[in-house]
Amino acid sequence: MKIVAFGASSSSSSINQKLAVFAANQIEGASVSILDLNDYEMPIYSTDKEKAAGIPQLAKDFRQHLADADGIIISFAEHNGSYSSAFKNVMDWNSRLDGKIWLDKPMFIMATSPGPRGGQTVLKQASQTFPYQGSDVSGEFSLPSFNQNFSDEAGITDASLRTEFENQLNSFISKAS
Ligand SMILES: Cc1cc2nc3c(=O)[nH]c(=O)nc-3n(C[C@H](O)[C@H](O)[C@H](O)COP(=O)(O)O)c2cc1C
């Protein structure tokens, strides 16, 4: 099984990148590709820029990674109740290649934040809109209070959150395999 995973953040110390990597590494026998949104920095999307210079090669490269995968894992940073600009820009350019941004692939979507809401607002946004963008959302998980509930050594430390995470991850794995 080929999995592509990334945190929807451009922070070099992204807690969502940590959660996405952790989730991907829990899948036994999977071949995992980790993306960094900083490698896909493009001009801020505008129809004028698209007309003048076309769609950047980086958007095509990003889509190729999705196309090569059997399943996609994303953990969203929540910025002002929505996506990070870095993620939104990659998504906007990709939507110009094909409205089915997610290529009908199984997806495990997550969010985490240092606060108790765990990025639930951005996660809900993704779960409501992704099915219209060619996504098969087959697992969903929010991790509240990241610094209290996650450690680099053990991953998700709270027992009931860990169980919920594993249930959602297993539902994703059964779709992606
Ligand atoms: C511009 C900005 C806006 C933010 N807005 C929210 C927010 O609406 N809700 C929230 O829970 N946290 C918010 N935060 C805090 C983020 O959850 C926190 O920075 C988190 O570490 C982001 O995830 P990352 O480390 O993966 O980038 C915001 C942070 C920034 C820098």
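Computed from a prediction, not measured in an experiment: that's the story for all the values here. (Residues numbered from 1 in each chain as written. Predicted model: local features only at pLDDT ≥ 70, side-chain atom pairs only at ≥ 80, totals over all residues.)

Novice: I tried to follow the overall build of the protein on my own but got confused; where do I start?
Specialist: The helix and strand inventory of the protein stands at seven helices and seven strands. In sequence order, the secondary structure elements of the protein are arranged as β-α-β-α-α-β-α-β-α-β-α-β-β-α. For the protein, the C-alpha radius of gyration of 16 Å lies close to 16 Å, the compact-globule estimate for 177 residues. Taking the principal axes of the C-alpha coordinates as reference, the protein spans close to 55 × 35 × 25 Å. Looking at the protein as a whole, 38% of its 177 residues are labelled buried. Contacts in the protein between residues at least 24 apart in sequence constitute 74% of all its contacts with a sequence separation of at least 6. (Helix = DSSP H or I, 4+ residues; strand = E, 2+ residues; numbered from the N terminus. Rg over C-alpha atoms; globule rule 2.2 N^0.38 Å. Buried ≥ 20, exposed ≤ 12 C-beta atoms within 10 Å, placed from the backbone. Contact = placed C-beta atoms within 7 Å.)

Novice: Would you mind showing me how to read the site of the ligand here?
Specialist: Around the ligand, a shell composed of 16 residues is seen, among which Ser9, Ser14, Asn16, Ala77 and Ser113 lie nearest. Looking at the shell around the ligand, its residues break down into three nonpolar, eleven polar and two charged. (Near = placed C-beta within 6 Å. Nonpolar A, V, L, I, M, F, W, Y, C, P; charged D, E, K, R; others polar.)

Novice: Sorry if this is basic, but what is going on with unusual backbone geometry here?
Specialist: Most peptide bonds adopt trans geometry, and most residues besides glycine take a negative phi value. Phi is positive for asparagine 80, close to 50°, though the residue is something other than glycine. With respect to the secondary-structure elements, asparagine 80 resides in the loop between strand S3 (71-76) and helix H4 (85-97). At leucine 103, a position not held by glycine, the phi torsion is positive, near 50°.

Novice: How should helix H1 (residues 15-25) be read in this particular structure?
Specialist: Residue pairs three or four apart in sequence face the same way in an α-helix, which turns once every 3.6 residues. Most of H1 sits out of view: eight of its eleven residues are buried. For H1, the set of buried residues is Ile15, Asn16, Gln17, Leu19, Ala20, Phe22, Ala23 and Ala24.

Novice: So what exactly am I meant to see when it comes to the sheet that holds strand S1 (residues 2-8) here?
Specialist: Strands belonging to one sheet form pairs held by backbone hydrogen bonds; the direction of such a pair is parallel or antiparallel. In spatial order, the strands read S2-S1-S3-S4-S5; together these five strands make up an open sheet with parallel pairing. The open sheet is flanked by strand S2 (31-34) and strand S5 (135-143), the only strands paired with a single partner. The mean inter-strand angle of the sheet, taken between neighbouring strand axes irrespective of direction, is 20°. Pairing of strand S4 (residues 105-112) with S5, which is carried by eight bridges, proceeds in the parallel orientation. Bridged to lysine 105 within S5 is serine 135. Against the sheet, helix H5 (residues 120-129) touches S3, S4 and S5, its axis set at about 165° to S4. (Pairing = 2+ DSSP bridges. Axes fitted to C-alpha atoms, helices over the stretch in contact; angles between N-to-C directions.)

Novice: How should the pairing of S1 be read in this particular structure?
Specialist: Across a regular strand the side chains alternate sides, sitting on one face of the sheet and then on the other. Of all seven residues in S1, six are buried, a share of seventy percent or more. Where S1 lies against S2, four bridges are found, and the strand directions are parallel. The residue of S2 that forms the bridge with valine 4 is serine 33. For the handedness criterion, the β-α-β arrangement of S1, H1 and S2 is classed as right-handed. Note that S1 and S3 share six bridges and pair parallel. Within S3, the position partnered with valine 4 by the bridge is isoleucine 72. (Right-handed = clockwise from strand over helix to strand, strands pointing away.)

Novice: Explain the nonpolar core here, please?
Specialist: The nonpolar side chains of a soluble globular protein tend to be buried with one another. Among the nonpolar cores identified, the biggest contains 48 residues, and Ala23, Ile73, Ile74 and Phe76 are the most heavily contacted of them. If you tally residues by element for this core, the top one is H1, at six residues. Setting aside residues up to four positions removed in sequence, isoleucine 74 forms contacts with Phe6, Ala8, Ala20, Met107 and Ile109. (Core = buried A, V, L, I, M, F, W, Y, C linked by C-beta atoms within 7 Å.)

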